[in-house]
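Each chain is listed here by its residues.
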Amino acid sequence: MVAGGQTRYGAERIRSSISLYRILVIIQLIAVVVGGTVAFLLAVPYTTGVGGIGVSSSSSSLVGTGAAVGALLALAAVLVLTILILTIISWLRWRDGIRRIAAESGAMGANQFQHAQAAKKFYSYTVWTFIIGILVAIVAAVVVAAIIIGQVSGSFHFNATNGSYSAPTAAQIRAAQQTLIGVIVGVALLGGIINFLLYYFASTSLREAISGVAPPEALARLESGRRNVILGAAFNLASILSFVVPLIGLISIAQPILLLLGFTALLEGYDRYLATRPGPMFAPPG
């Protein structure tokens, strides 16, 4: 095994991971457009439309609209499943690349050793943040369900005189809605923070992996990519304010665009490093 063989092969694995994940970002961009279309169809089924898009209230048009919504929801489900599968494959390639680079970093000089170990550390941060995100999502789902059940059951009062239940008042319904909205906003904010940390740790790991051996032009692309990825995650966090100001939700389209620019720049950074580091024509052993 020639010196640097593991580092080069690890970089190739990470490059493959980035290339695959970029497909996910494109799918995410499509999903945002699909989600916006579904939201539009669900929000204006009985109006004359917005911006020249007419939606008739006739029964045939309503059936057509329902079928369109169903088809879009089915497409969204397929996209989610595809994203999950590709994410797992991408992360496995990333993990393999980081492991190989870190294993050889001691022989690649003190500078690369520090960067490679930092990449490994930030990869671990990413994984643990992802696990925490899943746990938070589970707990949040249970809390929201408990609040809904509690609000609904607490809004009905049994009348022992006639053996019936009294319906909730308008004030009780508003209070229940405000409580639920407050919880959802809090959960969305926490989810946005976790999402931001995921992209921050991941992009830092991708940059650090070869920062000790990459040429200046590659480093510039790596840093540019990391900056755009973090900015995209920040836009996603800001879009949560759409619960308060609906128009802010329009900036959600900026996240996948910035992520696409960011991962493209990271990919170019790895390409430029690999172009200056010709390596063995075989895959080094693990």
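Please read these numbers as outputs of a predicted model, since none were measured by experiment.

## Points about the overall build of the chain
Check the secondary structure of the chain and you find six helices and two strands. Helices and strands in the chain line up, N terminus first, as α-α-α-β-β-α-α-α. Element-wise, carbon and sulfur atoms account for 71% of the exposed surface of the chain, whose accessible area totals about 15300 Å².

## Details of the environment of Ala-234
By the secondary structure assignment, Ala-234 is in helix H5 (residues 216-238). For Ala-234, a relative accessible area of 31% translates into the label partly exposed. Taking C-alpha positions, Ala-234 is 8.5 Å from Gly-192, a pair spaced 42 residues apart along the chain.

## Concerning the packing of H5 against helix H6 (residues 254-275)
Direction vectors running N to C along H5 and H6 enclose 165 degrees, while the axes themselves pass 7 Å from each other. Viewed along their axes, H5 and H6 adopt a mutual orientation that is roughly antiparallel. Remark: the crossing between H5 and H6 carries left-handed chirality. When grouped by side-chain class, the residues that make up the contact of H5 with H6 number 15 nonpolar, eight polar and five charged.

## Re the side chain of Ser-17
In this structure, Ser-17 sits in helix H1 (residues 5-43). Of note is the side chain of Ser-17, whose polar atom sits 2.7 Å from the backbone oxygen of Ser-90.

## As for the side chain of Thr-7
Note that Thr-7 resides in helix H1. Ignoring sequence-local partners within four residues, the contact set of Thr-7 consists of Ile-101, Glu-104, Met-108, Gln-112, Val-213 and Tyr-273.

## A word on a nonpolar patch on the surface
On the surface, Trp-128, Phe-130, Ile-131, Ile-134, Leu-135, Ile-138 and Val-142 cluster together into a nonpolar patch covering about 690 Å² of accessible area. Inspection of the secondary structure assignment puts Ile-138 in helix H3 (residues 110-155).

## A short note on the confidence of the model for the chain
Confidence in the prediction for the chain averages 80 pLDDT; 72% of positions are at 70 or higher. When mean pLDDT is compared element by element in the chain, H6 scores highest at 94, while strand E1 (residues 157-159) scores lowest at 56. Under a pLDDT of 50 for its full length, residues 44-62 has, in the predicted model, 19 contacts with residues more than four places off or in other chains.

## Details of the environment of Val-32
Relative to the helices and strands, Val-32 resides in helix H1. The spatial distance from the C-alpha of Val-32 to the C-alpha of Ser-252 is 7.9 Å, given a sequence separation of 220 residues. Filtering out sequence-adjacent residues up to four positions away, Val-32 remains in contact with Ser-252, Ile-253 and Pro-256.

## Examining the pattern of salt bridges
Once the charged atoms of two side chains with opposite charge are near each other, the side chains can pair. In the structure shown here, the tally under the stated rule is nine salt bridges. Residue Arg-8 is joined to Glu-12 by a salt bridge in which the shortest nitrogen-to-oxygen separation is 3.1 Å. Within this pair, Arg-8 and its partner Glu-12 are both found in helix H1, separated by four residues, close to a single helical turn. Salt bridges sharing partners connect three or more residues here, namely Arg-13, Asp-96, Arg-99 and Arg-100.

## Let's talk about the packing of aromatic side chains
All told, the structure shown has nine aromatic pairs when counted by the stated rule. Ring geometry for Phe-122 versus Phe-201: centroids 6.1 Å apart, planes at 35 degrees, classification tilted. Linking Phe-122 in helix H3 with Phe-201 in helix H4 (residues 170-208), this pair joins segments that are 79 residues apart in sequence. Ring-pair connections join several aromatic residues into one group, and the members of that group are Trp-91, Trp-94, Tyr-123 and Phe-130.

Cut-off values and rules
Residues numbered from 1 in each chain as written. Predicted model: local features only at pLDDT ≥ 70, side-chain atom pairs only at ≥ 80, totals over all residues. Heavy atoms only, no water. Helix = DSSP H or I, 4+ residues; strand = E, 2+ residues; numbered from the N terminus. Areas by Shrake-Rupley, 256 points an atom, 1.4 Å probe, with all protein chains shown as cover. Buried < 20%, exposed > 50% of the residue type's maximum accessible area, 1.4 Å probe, protein only. Axes fitted to C-alpha atoms, helices over the stretch in contact; angles between N-to-C directions. Parallel < 35°, antiparallel > 145°, perpendicular 65-115°, else oblique. Left-handed = near helix turned anticlockwise from the far one by under 90°. Nonpolar A, V, L, I, M, F, W, Y, C, P; charged D, E, K, R; others polar. Polar contact = N/O pair within 3.5 Å; in protein donor to acceptor, adjacent residues only side chain to side chain. Contact = heavy atoms within 4.5 Å. Patch = residues over 30% accessible without salt bridge, like charges linked within 9 Å, V, L, I, M, F, W, Y side chains within 5 Å. Salt bridge = Lys/Arg side-chain N within 4 Å of Asp/Glu carboxyl O. pLDDT = per-residue confidence, 0-100. Phe/Tyr/Trp six-rings, centres within 6.5 Å; stacked < 30°, edge-to-face > 60°.

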